[in-house]
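# Structure assessment
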Amino acid sequence: MARELQIREALREAMNEEMRADENIFLIGEEVAEYNGAYKVSQGMLEEFGEKRVIDTPIAELGFAGISVGAAMNGLRPIVEFMTFNFSLVAIDQVINSAAKMNSMSGGEFFCPMVFRGPTGSAGQLGAQHSQNFENWYANCPGLKVVVLSNAYNAKGLLKSAIRDNDPVIFMESEQMYGLKHEVPEEEYLIPLGQANIQKSGEDVTIVSFGKMMRVCEEAVVALAEKGIDAELIDLQTVRPIDYKTIADSIIKTNRCIIVEEAWPLASISSEISYMMSQMVFDHLDAPIKRVTTRDVPLPYAPTLVDAFLPNVERIVQAVDAVMYR
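Summary of the structure given here. Quantities reported herein were computed from a predicted structural model and do not represent experimental measurements. Along each chain, residue indices are assigned from 1 in the same order as the chain's sequence is written. Restriction of local features to residues with pLDDT of at least 70 applies here, the model being predicted, together with a cutoff of 80 or more for giving and counting side-chain atom pairs; totals for whole chains, interfaces and linings are based on all residues. Excluding hydrogens and water, the side-chain values take into account all heavy atoms of the structure.

## Quick look at the sheet that holds strand β6 (residues 145–148)
Any two strands between which DSSP finds at least two bridges are classified as paired. Secondary structure is summarised from DSSP: a helix means a run of H or I of at least four residues, a strand means a run of E of at least two, and numbering begins at the N terminus for each. Within the open sheet, the 7 strands sit side by side as β3-β2-β4-β5-β7-β6-β12. Their pairing is mixed. Unpaired on one side and paired on the other, β3 (54–56) and β12 (238–240) mark the two borders of the sheet. Within this sheet the neighbouring strands show an average axis-to-axis angle of 20°, counted without direction. For β6 and strand β7 (residues 169–173), the ladder comprises 4 bridges, and the chain directions are parallel. Axis angles are defined between N-to-C directions and span 0 to 180 degrees, where every axis is a line fitted to C-alpha atoms and, for a helix, only to the segment in contact.

This is the structure in C-alpha coordinates:
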(Lines give C-alpha, C1' and ligand atoms only; values in the text may rest on other atoms or scores of the structure.)
Protein backbone atom coordinates (compact mmCIF):
# COMPACT_ATOMS: atom_id res chain seq x y z
CA MET A 1 0.00 0.00 0.00
CA ALA A 2 1.18 3.53 -0.79
CA ARG A 3 0.10 6.95 0.43
CA GLU A 4 1.10 10.48 -0.49
CA LEU A 5 3.70 12.10 1.75
CA GLN A 6 5.48 15.41 1.60
CA ILE A 7 9.24 15.10 1.26
CA ARG A 8 9.66 16.49 4.79
CA GLU A 9 7.29 13.80 6.06
CA ALA A 10 9.16 11.05 4.23
CA LEU A 11 12.46 12.21 5.72
CA ARG A 12 10.93 12.36 9.19
CA GLU A 13 9.43 8.89 8.79
CA ALA A 14 12.83 7.50 7.79
CA MET A 15 14.54 9.02 10.83
CA ASN A 16 11.77 7.96 13.20
CA GLU A 17 11.82 4.35 11.99
CA GLU A 18 15.60 4.09 12.24
CA MET A 19 15.76 5.78 15.66
CA ARG A 20 13.08 3.44 17.03
CA ALA A 21 15.09 0.46 15.80
CA ASP A 22 18.52 1.64 17.03
CA GLU A 23 19.01 3.64 20.22
CA ASN A 24 22.51 4.64 19.10
CA ILE A 25 21.07 7.00 16.46
CA PHE A 26 20.54 10.64 17.40
CA LEU A 27 19.70 13.90 15.59
CA ILE A 28 21.71 17.06 16.25
CA GLY A 29 21.65 20.56 14.78
CA GLU A 30 20.27 24.07 15.01
CA GLU A 31 16.53 24.25 15.87
CA VAL A 32 15.96 20.52 15.32
CA ALA A 33 14.29 20.03 18.72
CA GLU A 34 12.22 22.81 20.32
CA TYR A 35 11.42 24.47 16.98
CA ASN A 36 10.69 21.12 15.24
CA GLY A 37 13.36 21.83 12.61
CA ALA A 38 13.93 24.91 10.48
CA TYR A 39 11.83 23.25 7.73
CA LYS A 40 9.72 21.13 10.13
CA VAL A 41 11.46 17.92 9.07
CA SER A 42 11.95 16.86 12.72
CA GLN A 43 8.47 17.84 13.90
CA GLY A 44 7.44 15.80 16.95
CA MET A 45 10.76 14.00 17.29
CA LEU A 46 11.78 15.74 20.53
CA GLU A 47 8.54 14.59 22.18
CA GLU A 48 9.13 10.98 21.14
CA PHE A 49 12.86 10.58 21.63
CA GLY A 50 13.75 13.20 24.25
CA GLU A 51 16.47 15.80 24.52
CA LYS A 52 19.33 13.30 24.68
CA ARG A 53 18.55 12.04 21.16
CA VAL A 54 17.16 15.17 19.49
CA ILE A 55 19.66 17.87 20.38
CA ASP A 56 19.47 21.61 19.77
CA THR A 57 22.85 23.25 19.31
CA PRO A 58 24.23 26.78 19.26
CA ILE A 59 24.98 28.36 15.87
CA ALA A 60 28.32 26.54 15.74
CA GLU A 61 28.54 24.10 12.81
CA LEU A 62 32.21 23.32 13.36
CA GLY A 63 31.51 22.46 16.99
CA PHE A 64 28.51 20.17 16.59
CA ALA A 65 30.00 18.50 13.49
CA GLY A 66 33.16 17.73 15.48
CA ILE A 67 31.22 16.41 18.48
CA SER A 68 29.29 14.15 16.12
CA VAL A 69 32.43 12.79 14.47
CA GLY A 70 33.73 11.84 17.91
CA ALA A 71 30.42 10.25 18.79
CA ALA A 72 30.45 8.22 15.57
CA MET A 73 33.98 7.00 16.28
CA ASN A 74 32.74 5.73 19.63
CA GLY A 75 29.83 3.66 18.34
CA LEU A 76 26.95 6.12 17.98
CA ARG A 77 25.27 7.00 14.67
CA PRO A 78 24.67 10.76 14.46
CA ILE A 79 22.38 12.51 11.98
CA VAL A 80 23.79 16.03 11.68
CA GLU A 81 21.44 18.63 10.23
CA PHE A 82 22.86 21.74 8.58
CA MET A 83 20.26 24.47 8.13
CA THR A 84 21.69 24.68 4.62
CA PHE A 85 24.81 23.15 3.11
CA ASN A 86 26.10 26.67 2.60
CA PHE A 87 26.67 26.64 6.36
CA SER A 88 28.56 23.35 6.13
CA LEU A 89 31.53 25.39 4.92
CA VAL A 90 32.04 26.39 8.55
CA ALA A 91 32.32 22.68 9.42
CA ILE A 92 34.06 21.44 6.28
CA ASP A 93 37.31 20.64 8.12
CA GLN A 94 35.46 18.12 10.29
CA VAL A 95 33.63 16.65 7.30
CA ILE A 96 36.64 16.36 4.98
CA ASN A 97 39.62 15.97 7.32
CA SER A 98 37.98 13.97 10.10
CA ALA A 99 34.86 12.05 9.05
CA ALA A 100 35.94 11.19 5.50
CA LYS A 101 39.50 10.18 6.39
CA MET A 102 39.15 8.55 9.79
CA ASN A 103 38.70 4.95 8.59
CA SER A 104 41.67 5.15 6.23
CA MET A 105 44.00 6.99 8.61
CA SER A 106 43.19 4.60 11.47
CA GLY A 107 43.91 1.53 9.34
CA GLY A 108 40.30 0.44 9.65
CA GLU A 109 40.22 0.80 13.45
CA PHE A 110 37.55 3.52 13.44
CA PHE A 111 34.40 4.03 11.40
CA CYS A 112 32.31 7.18 11.14
CA PRO A 113 28.74 5.93 10.54
CA MET A 114 27.01 9.30 10.31
CA VAL A 115 24.79 11.38 8.04
CA PHE A 116 25.25 15.08 7.30
CA ARG A 117 21.91 16.26 5.91
CA GLY A 118 20.20 19.50 4.88
CA PRO A 119 19.15 21.56 1.85
CA THR A 120 21.39 22.40 -1.10
CA GLY A 121 21.15 24.75 -4.06
CA SER A 122 19.04 27.79 -4.80
CA ALA A 123 15.77 28.44 -2.98
CA GLY A 124 14.56 31.64 -4.62
CA GLN A 125 15.96 35.08 -3.86
CA LEU A 126 18.45 34.17 -1.14
CA GLY A 127 21.53 35.65 -2.77
CA ALA A 128 24.91 34.25 -3.71
CA GLN A 129 25.99 33.10 -0.23
CA HIS A 130 22.89 30.96 0.44
CA SER A 131 22.27 29.39 -2.97
CA GLN A 132 25.26 27.20 -3.74
CA ASN A 133 25.56 23.57 -4.75
CA PHE A 134 28.30 21.53 -3.11
CA GLU A 135 27.46 18.05 -4.39
CA ASN A 136 30.54 17.97 -6.63
CA TRP A 137 32.75 19.42 -3.89
CA TYR A 138 31.92 16.64 -1.44
CA ALA A 139 31.78 13.96 -4.14
CA ASN A 140 35.42 14.79 -4.91
CA CYS A 141 36.51 13.48 -1.50
CA PRO A 142 37.27 9.76 -1.02
CA GLY A 143 35.63 8.39 2.11
CA LEU A 144 32.32 10.19 1.64
CA LYS A 145 29.13 9.03 -0.05
CA VAL A 146 26.90 11.74 -1.52
CA VAL A 147 23.13 11.43 -1.98
CA VAL A 148 20.80 13.96 -3.64
CA LEU A 149 17.09 13.17 -3.34
CA SER A 150 14.49 14.10 -5.97
CA ASN A 151 11.16 12.93 -4.52
CA ALA A 152 9.52 11.63 -1.35
CA TYR A 153 9.95 7.98 -2.37
CA ASN A 154 13.70 8.12 -2.76
CA ALA A 155 13.98 10.58 0.13
CA LYS A 156 12.83 7.88 2.55
CA GLY A 157 14.52 4.88 0.94
CA LEU A 158 17.86 6.62 0.50
CA LEU A 159 17.90 8.20 3.96
CA LYS A 160 17.27 4.86 5.66
CA SER A 161 20.16 3.35 3.69
CA ALA A 162 22.37 6.34 4.53
CA ILE A 163 21.67 6.04 8.26
CA ARG A 164 22.55 2.33 8.20
CA ASP A 165 25.76 2.85 6.19
CA ASN A 166 29.07 2.59 8.04
CA ASP A 167 30.63 5.42 6.03
CA PRO A 168 29.86 9.14 6.43
CA VAL A 169 27.09 10.15 4.02
CA ILE A 170 26.33 13.63 2.70
CA PHE A 171 22.55 13.72 2.23
CA MET A 172 21.30 16.70 0.23
CA GLU A 173 17.74 17.98 0.06
CA SER A 174 16.04 21.14 -1.30
CA GLU A 175 14.21 23.92 0.52
CA GLN A 176 11.89 24.31 -2.45
CA MET A 177 10.88 20.63 -2.43
CA TYR A 178 10.04 19.88 1.22
CA GLY A 179 6.31 20.44 0.64
CA LEU A 180 6.05 18.37 -2.55
CA LYS A 181 4.01 15.16 -2.31
CA HIS A 182 4.73 11.76 -3.85
CA GLU A 183 3.60 8.20 -3.26
CA VAL A 184 5.52 6.35 -0.53
CA PRO A 185 4.88 2.69 0.40
CA GLU A 186 3.68 1.90 3.91
CA GLU A 187 5.91 -1.16 4.11
CA GLU A 188 9.62 -0.79 4.79
CA TYR A 189 11.96 -0.43 1.82
CA LEU A 190 15.56 0.62 1.18
CA ILE A 191 17.15 2.16 -1.91
CA PRO A 192 20.81 1.10 -2.26
CA LEU A 193 23.37 3.89 -2.40
CA GLY A 194 25.11 4.03 -5.77
CA GLN A 195 22.13 2.86 -7.81
CA ALA A 196 20.56 5.15 -10.42
CA ASN A 197 16.88 5.00 -11.34
CA ILE A 198 15.58 5.00 -14.92
CA GLN A 199 12.59 7.24 -14.30
CA LYS A 200 11.37 7.06 -17.88
CA SER A 201 12.60 4.78 -20.65
CA GLY A 202 13.16 6.14 -24.16
CA GLU A 203 14.90 5.44 -27.45
CA ASP A 204 16.22 8.73 -28.86
CA VAL A 205 18.36 10.50 -26.23
CA THR A 206 19.54 9.92 -22.65
CA ILE A 207 18.98 12.72 -20.15
CA VAL A 208 20.87 12.34 -16.86
CA SER A 209 20.16 14.48 -13.80
CA PHE A 210 19.56 14.41 -10.04
CA GLY A 211 17.95 16.38 -7.24
CA LYS A 212 15.74 19.36 -7.90
CA MET A 213 16.68 19.42 -11.59
CA MET A 214 14.72 16.20 -12.11
CA ARG A 215 11.52 18.26 -12.01
CA VAL A 216 12.83 20.48 -14.81
CA CYS A 217 13.91 17.44 -16.79
CA GLU A 218 10.47 15.87 -16.43
CA GLU A 219 8.94 18.99 -18.01
CA ALA A 220 11.57 18.88 -20.75
CA VAL A 221 10.77 15.24 -21.51
CA VAL A 222 7.12 16.20 -22.07
CA ALA A 223 8.14 19.10 -24.32
CA LEU A 224 10.43 16.80 -26.31
CA ALA A 225 7.68 14.21 -26.73
CA GLU A 226 5.54 16.90 -28.34
CA LYS A 227 8.34 17.30 -30.89
CA GLY A 228 8.49 13.56 -31.54
CA ILE A 229 11.64 12.92 -29.46
CA ASP A 230 11.48 9.96 -27.06
CA ALA A 231 13.87 10.76 -24.20
CA GLU A 232 15.14 8.36 -21.53
CA LEU A 233 15.41 10.07 -18.13
CA ILE A 234 17.86 8.82 -15.48
CA ASP A 235 17.88 9.99 -11.86
CA LEU A 236 21.38 9.40 -10.44
CA GLN A 237 20.14 9.51 -6.80
CA THR A 238 23.74 9.31 -5.58
CA VAL A 239 26.68 11.26 -7.02
CA ARG A 240 29.28 9.30 -5.08
CA PRO A 241 29.31 6.52 -6.00
CA ILE A 242 27.95 7.20 -9.49
CA ASP A 243 26.12 4.42 -11.31
CA TYR A 244 28.12 4.67 -14.55
CA LYS A 245 26.80 1.36 -15.89
CA THR A 246 23.17 2.47 -16.02
CA ILE A 247 24.18 5.60 -17.92
CA ALA A 248 26.43 3.68 -20.30
CA ASP A 249 23.75 1.06 -21.01
CA SER A 250 21.29 3.82 -21.81
CA ILE A 251 23.70 5.56 -24.19
CA ILE A 252 24.32 2.26 -25.99
CA LYS A 253 20.59 2.26 -26.70
CA THR A 254 20.01 5.98 -27.50
CA ASN A 255 23.47 7.01 -28.83
CA ARG A 256 23.09 10.52 -27.40
CA CYS A 257 23.39 12.06 -23.93
CA ILE A 258 22.50 15.30 -22.15
CA ILE A 259 23.46 15.92 -18.50
CA VAL A 260 21.52 18.49 -16.47
CA GLU A 261 22.95 19.80 -13.20
CA GLU A 262 22.29 22.68 -10.82
CA ALA A 263 25.95 23.58 -10.31
CA TRP A 264 28.72 25.60 -11.85
CA PRO A 265 30.18 23.93 -14.96
CA LEU A 266 33.86 23.67 -14.01
CA ALA A 267 34.81 20.34 -12.35
CA SER A 268 31.15 19.36 -12.01
CA ILE A 269 29.38 15.99 -11.80
CA SER A 270 28.46 16.46 -15.47
CA SER A 271 32.16 16.90 -16.32
CA GLU A 272 32.97 13.60 -14.61
CA ILE A 273 30.16 11.72 -16.33
CA SER A 274 31.13 13.16 -19.72
CA TYR A 275 34.70 11.91 -19.25
CA MET A 276 33.66 8.45 -18.08
CA MET A 277 31.19 7.98 -20.93
CA SER A 278 33.89 8.99 -23.41
CA GLN A 279 35.95 6.12 -22.00
CA MET A 280 33.15 3.56 -21.74
CA VAL A 281 30.86 4.11 -24.75
CA PHE A 282 32.65 6.49 -27.12
CA ASP A 283 31.96 4.33 -30.17
CA HIS A 284 28.23 4.36 -29.43
CA LEU A 285 27.91 8.16 -29.38
CA ASP A 286 26.42 9.71 -32.51
CA ALA A 287 26.99 13.24 -31.15
CA PRO A 288 29.12 14.90 -28.47
CA ILE A 289 27.72 14.79 -24.94
CA LYS A 290 26.18 18.12 -23.96
CA ARG A 291 25.47 19.46 -20.51
CA VAL A 292 23.14 22.08 -19.12
CA THR A 293 24.41 23.69 -15.89
CA THR A 294 23.97 26.92 -14.00
CA ARG A 295 25.70 29.99 -15.39
CA ASP A 296 29.31 30.38 -14.27
CA VAL A 297 28.68 33.29 -11.90
CA PRO A 298 27.59 33.74 -8.26
CA LEU A 299 23.79 33.56 -8.12
CA PRO A 300 22.30 37.06 -8.54
CA TYR A 301 19.45 38.31 -6.34
CA ALA A 302 17.12 39.69 -9.01
CA PRO A 303 14.39 37.15 -9.91
CA THR A 304 14.90 37.63 -13.66
CA LEU A 305 18.60 36.86 -13.23
CA VAL A 306 17.81 33.83 -11.05
CA ASP A 307 15.72 32.48 -13.94
CA ALA A 308 18.57 33.15 -16.37
CA PHE A 309 21.09 31.50 -14.04
CA LEU A 310 19.34 28.13 -13.58
CA PRO A 311 18.88 25.31 -16.10
CA ASN A 312 15.42 25.42 -17.65
CA VAL A 313 13.25 23.49 -20.09
CA GLU A 314 14.19 25.67 -23.05
CA ARG A 315 17.92 25.14 -22.56
CA ILE A 316 17.45 21.37 -22.20
CA VAL A 317 15.33 21.17 -25.36
CA GLN A 318 17.94 23.22 -27.25
CA ALA A 319 20.70 20.85 -26.09
CA VAL A 320 18.69 17.83 -27.21
CA ASP A 321 17.98 19.46 -30.58
CA ALA A 322 21.71 20.02 -31.01
CA VAL A 323 22.62 16.35 -30.45
CA MET A 324 19.71 15.24 -32.65
CA TYR A 325 21.10 17.52 -35.40
CA ARG A 326 17.71 19.17 -35.81
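## Examining the nonpolar core
Within the largest apolar cluster, 46 residues are counted, with the highest numbers of intra-cluster contacts made by Phe116, Tyr138, Ile170, Leu236 and Ile273. Sort the elements by how many residues they give to this core and helix α3 (residues 61–73) lands first, with 5 residues. Built from parts of two domains, this core gets at least three residues from each of domain 1 (2–185) and domain 2 (197–323). We call a set of buried residues a nonpolar core when its members are Ala, Val, Leu, Ile, Met, Phe, Trp, Tyr or Cys and they connect through side-chain atoms within 4.5 Å of each other. Working definition: with a 1.4 Å probe on protein chains only, accessible area under 20% of the residue-type maximum means buried, over 50% means exposed, and in between means partly exposed. Residues Leu11, Leu46, Val147 and Phe171 belong to the second largest nonpolar core, which totals 35 residues. Delimitation of the domains relies on an automatic or database domain assignment.

## Points about the environment of Ser270
Relative to the assigned elements, Ser270 resides in helix α10 (residues 269–280). When the C-alpha atoms of Ser270 and Ile258 are compared, they prove to be 9.0 Å apart, with 12 residues separating the residues in sequence. Contacts are residue-level and defined by heavy atoms, with any inter-residue pair within 4.5 Å sufficient. Ignoring any residue separated from it by four or fewer positions in sequence, one finds Ser270 in contact with Ile259, Glu261, Arg291 and Thr293. Whenever two N or O atoms come within 3.5 Å, that pair is a polar contact, provided that in protein one can donate a hydrogen and the other can accept it, and provided that, for residues adjacent in sequence, both atoms are side-chain atoms. A distance of 3.3 Å separates polar atoms of two side chains, one belonging to Ser270 and the other to Arg291.

## Here's the deal with the sheet that holds strand β14 (residues 290–292)
Taken in spatial order, the 5 strands line up as β9-β11-β10-β13-β14 in an open sheet, and their pairing is mixed. Looking at which strands have only one partner, the edges of the open sheet turn out to be β9 (197–200) and β14. Within this sheet the neighbouring strands show an average axis-to-axis angle of 25°, counted without direction. For β9 and strand β11 (residues 231–235), the ladder comprises 3 bridges, and the chain directions are antiparallel. Bridge assignment links Lys200 to a residue of β11, and that residue is Leu233.

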